[in-house]
Each structure stands twice: as structure tokens, then as C-alpha cells.
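The chain contents come next:
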Amino acid sequence: MIITELSNVGDIIQNQREFFQTGKTKDVTFRIEQLINLKQAIIEHEQSIVEALQADLHKPEVETYLTEIGVIKEIDYAIKHLKTWTKPKKTAVSFDFFSYSARIYPEPLGVVLIIGPWNYPFQLIISPLVGAIAAGNCAIIKPSEIASHTSRIIAEIVAKYFDPAYIAVVEGGVEASQKLLAEKFDHIFFTGGTAVGKIIMAAAAKYLTPVTLELGGKSPCIVDTDINLEHTVRRITWGKFINAGQTCIAPDYLLVDKKIKKDLIDGLGKSLKEFYGDNPANSPDYARIISQKHFDRLVNFLKDGEVIIGGVAQASERYIAPTVIDNVSLEDSIMQEEIFGPILPIIEYTDIAEAIALINSRPKPLALYLFSQNKNLQKRVLQETSSGGVCINDTVMQVGVSSLPFGGVGDSGIGNYHGKASFDTFSHNKSVLQNSFWLDLKWRYAPYEGKLPLIKKLLG
Ligand code: NAD
């Protein structure tokens, strides 16, 4: 059954609450079976997933495997570690608690809501779902209506492999989202823009629902002189232009040491040719802009600064060539909002302090990139800036390491996930303290007379 009827939302949640109450989802064997089920569902529908992403974003098959179907790695990781994660953990107690034992029991939250964006529309729904299942929750999923083909294939797969009383998909846009947000959930996991993130948090506040907000922002990429230029340009070109720049952790703009700027620009030109040929419009390996609205927004950025590579746009195909822009001013619109497209402005610095000051004058980014082999510089940038994550001498790859929590800080988000962090996000850590009956010291009981010196000693 595919859920499209919004009037059913209350019923779906009620059914999920009843299913959760049966305790079935708390069974670790059940969770592992469901993760295996999810993996199987993806493997059996690989071709349809590739086609849906081709229709939505013109996404090349290799990119779909790398960045969407590759979510299978997260499923395998959860299956491998789930038994360890779910075990109660004994914790130490201090000497004055010598007759007690203390443990932490991770328990599922209940019925959770997952709302996804359009840019990696499959992976960014399935990856949090892995955490929700692993932690023993029921889940309602709302994929992005803008990547409509992917939304449909997610709805079909979930309806085929899962009972809606356990996992259900509600398709639709803002109206569907708002209808869901009017209900009470035990957690809301949202991936999308900062502006909508504020709407989600306001709706969650009504029920004191905890939120994870995976948001965006302008992720800077610093390029020092102490680098391997050939590797640097390739890694920047890949991270910026994969999915036509529509990546939340794409390098948004470059901060380049003036001494290496010319070589870097020449190198970027060469690697773009190597990746996409003389005319990227003809390359099967280059994606398109998701919608007319986003196309128009990006074309507007082409008016800022001076285009030195690319700059071509074709509305009929929603194609924007990989573009590099020099001489932008910090007041230009391209430097005021997240670009989220294949346009890369370059800003030069003469002293790293200028680059750091610029980063610190802006909202905290989701990712920060630094290309430099200089250990002191690495240390300084790590110490003097704050961002969701950092990747040194590469771009985007940090997202693929399951042992690294992924998330923002400040305007780029609240909370994190991937690997164990996903399990933690969808669990409550219940603290359990147990005393025994073999002794009952009276130091804390009334009457208190004469007990203060001992209490003071214990505190000291
Ligand atoms: P968006 O915020 O417009 O939409 C995300 C989801 O929210 C969609 O499902 C949409 O239907 C819903 N939505 C939109 N308006 C709403 C409203 N008024 N009320 C309730 N729900 C609403 O984001 P997008 O355009 O799909 O994605 C792009 C943004 O997402 C970028 O800012 C990008 O950086 C960010 N992003 C972040 C991550 C991350 O992991 N941190 C990953 C991908 C994208």
C-alpha cells in the first residue's frame, strides 16, 4: 500500500504506536532481519533507483552507486555492530556508591519522522532510516517531492517490503510535511535548508519533540601553497562538481593563497577537461540542476564577479557548465547564500589570518576543507575555526566513514548520525542504578544531627 492520502496520517501514526507497544521492534533479531530486508529491497531495485535518479537529476550511474545505493555500507555496518550497541553498558561508580551497580540501557524512542531533501534523495532518507531501525523504532518517511521519481521508488520499495504499521512513506510537499508536523512524534530527523529547519524546530517545540537537523551553509575550502597541486585540483573538482554542485558538503567557495592562485586556476581548468571533456553538456558524467527555480537562482549568481571558466547555461536542459568565478566581492549575492550548484568563486588571501577571520565572521559551516601539508597550519585552522566537520587534503570523503559522526554546528545543524551515531540519535540512553540489600548505612537519613562533618568529608 502506498500512502498518499494525507487524511490517513493520524491513523498511520496510531497504528505505528500500537505496533511499537507490542515490543516487537525491541527484539534485536527482528531489527537485524529488518536491516537485511532493507538491504535486499535496495539490491533488488538497483536498476529502478538508477533510473529514478537519472530522471530527477540526470545523475550518472556511477554517482548513483557511489552516493545513493552506497548506503548499503551503512546497513552492513549497523548489522555488524548492532549486538554490541544494544548491550547495556556497565559504568563505574565512585567509592561512596560501593554497594550499587550502574548501567546504561539504550532504548528506542518510539515513532519517528524522517524528512528528506532532493539532492541525494535516496541516500538521505535511507541512511537515517538505518539508524531508526537499528535503534528499534517505527518510522514515517517523507521524501522530497522535488525529486519526484526517487520519492516514488522509495514509496514503492517500502510498501513492498515493510508493514506500514512499522515503516510507512508519506509522499508530498510542504502540505504533507506540515500535516505530519502537526502530529506528535518521538523524534524528528530533518535534512534540508536552514530556513525550513527553523520551521521544523518550531513545530517540534510544541510537543517537546527532540530534533536532529542536518542543514546546509557555505563550506569554505582553504588552499595553501604546501600541496600536491595535481591531486588538489582533482579532489576539489570532484567534490565541487559531483551532482552538479548540489551537495550539502561541496566546497562552496575557495580561499586561496595568492601565491598559488594562478596555478590552481590553470589546474582546475585542466581537471575539468579531464573529467567532462571540452563540452560538459555532452558528458554522460555531468548532472543537471533539479528544477527551474534552482536553475534561475544559480544563473543569477553568474552575474557576480568575473567568469574565468565555464559560465554557460541552457534553460531547456537545466544545464549549467562547471564554472569558476574570480574577483567576487563578499557583498555579492554569491557570497551571501549557499550556492548549491556548479559555480565556484575564488577569494585570495595573503595571510592565513585573513581566511580564518572571514570564516569566523560567517555562520559555522557544515564542512571545512584545508589543502596543506603544513602541520602547524593544519593545527591552527583546526583550533581557530568551528565547523560540523573538517576534511584535510580532500573533499566530501568524510561523509563515507561510518565511524565519524556526521552533522553540523550552529546554523549548519543540530545533532549527528552515521554508524554508531545514527543508533545513538534514535535511542534514549536510560540510566539504571541498582542498590543491594546487604547493607543500609544511615548517613543520609534524618535525623541529621551530628552528620554534617561526615557529609562535608564525603564531598571534599
Ligand atoms: P528544503 O529545506 O527546501 O526541503 C527539505 C524537506 O522539507 C522537503 O522534504 C520539503 O518537502 C520539506 N519542506 C519544505 N518546505 C517546508 C515547510 N515550509 N514546512 C515543512 N516542510 C517543508 O531543502 P532542499 O531544497 O530539499 O535541500 C537543500 C538544502 O538541504 C540545502 O541547504 C542543503 O545544504 C541541505 N542539505 C543538507 C544535508 C546535510 O546532510 N546536512 C544534506 C543534503 C542537503
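Since this is a predicted model, take the numbers as computed values, not measurements.

Rules and cut-offs
Throughout, a residue's number is its position along its own chain's written sequence, starting from 1. Local features in a predicted model are, by the rule used here, given only for residues with pLDDT of at least 70; side-chain atom pairs are given and counted only at 80 or more, and totals for whole chains, interfaces and linings are based on all residues. Only hydrogens and water are removed before side-chain values are computed, so all heavy atoms of the structure are retained for them. Pairing between strands is defined by DSSP: at least two bridges between them are needed. For helices the rule is a DSSP run of H or I covering at least 4 residues; for strands it is a run of E covering at least 2, with both sets numbered from the N terminus onward. Where helices are involved, their axes are fitted lines through C-alpha atoms of the stretch in contact, as for all axes, and angles between N-to-C directions lie from 0 to 180°. How far each domain reaches was decided by an automatic or database domain assignment. Residue contacts follow a heavy-atom distance rule, with two residues in contact if any of their heavy atoms lie within 4.5 Å. Defined here as a combined quantity, buried area equals the accessible surface (1.4 Å probe) lost by two parts on assembly, summed across both. What qualifies as a polar contact is a pair of N or O atoms within 3.5 Å, subject to a donor-acceptor requirement within protein and to the restriction that residues adjacent in sequence count only when both atoms come from side chains. Residues are grouped as follows: nonpolar covers Ala, Val, Leu, Ile, Met, Phe, Trp, Tyr, Cys and Pro; charged covers Asp, Glu, Lys and Arg; every other residue, Gly included, is treated as polar. With a 1 Å grid laid over protein atoms only, a set of points is called a cavity when a 1.4 Å probe fits there but cannot get out and a pocket when it is open yet has protein on both sides within 12 Å along at least five of seven lines; lining residues have an atom within 4 Å of a point. Grid points are joined across faces, edges and corners, and a volume is the space filled by probe spheres set on the points.

**Some words on the sheet that holds strand S2 (residues 101–108)**
By definition, the strands of a sheet pair up through backbone hydrogen bonds, in either a parallel or an antiparallel sense.
Piece 1. The sheet built from 3 strands is open, its strands ordered S1-S2-S18 with antiparallel pairing. The open sheet has two edge strands, strand S1 (89–91) and strand S18 (427–434), and neither has a second partner. Here the average twist between neighbouring strands, direction ignored, is 30 degrees.
Piece 2. Relative to S18, S2 runs antiparallel, the two sharing 8 bridges. Bridge pairing links Pro106 to Asn429 in S18.

**Some thoughts on the domain arrangement of the chain**
Piece 1. Taken domain by domain, the chain comprises domain 1 (2–215 + 411–432) and domain 2 (220–407).
Piece 2. Here the C-alpha centroids of domain 1 and domain 2 sit 30 Å apart.
Piece 3. On the side of domain 2, 26 residues touch domain 1, which itself brings 26 residues to the contact.
Piece 4. Note on domain 1 versus domain 2: buried area summed over both sides is about 2200 Å², and carbon and sulfur give 56% of it.
Piece 5. The interface formed by domain 1 and domain 2 includes 12 residue pairs in polar contact (both at pLDDT 80 or more).
Piece 6. Going through the elements one at a time, helix H3 (46–57), helix H4 (61–67), helix H5 (72–86) and helix H15 (420–425) are the ones with two or more residues in the side of domain 1 that touches domain 2.
Piece 7. For the side of domain 1 that touches domain 2, the element with the most residues is H5, which contributes 3 residues.
Piece 8. When its residues are assigned to classes, the side of domain 1 that touches domain 2 shows 10 nonpolar, 8 polar and 8 charged.

**Notes on the layout of surface pockets**
Piece 1. Put simply, the largest pocket is a space of about 1200 Å³.
Piece 2. Taken together, 48 residues make up the lining of the largest pocket; nearest its centre are Gly192, Gly193, Thr194, Ala195 and Val196.
Piece 3. Broken down by secondary-structure element, the contributors of at least two residues to the lining of the largest pocket are helix H8 (174–181), strand S6 (187–191), helix H9 (194–205) and helix H12 (292–301).
Piece 4. Among the elements that make up the lining of the largest pocket, the one with the highest residue count is H9 (6 residues).

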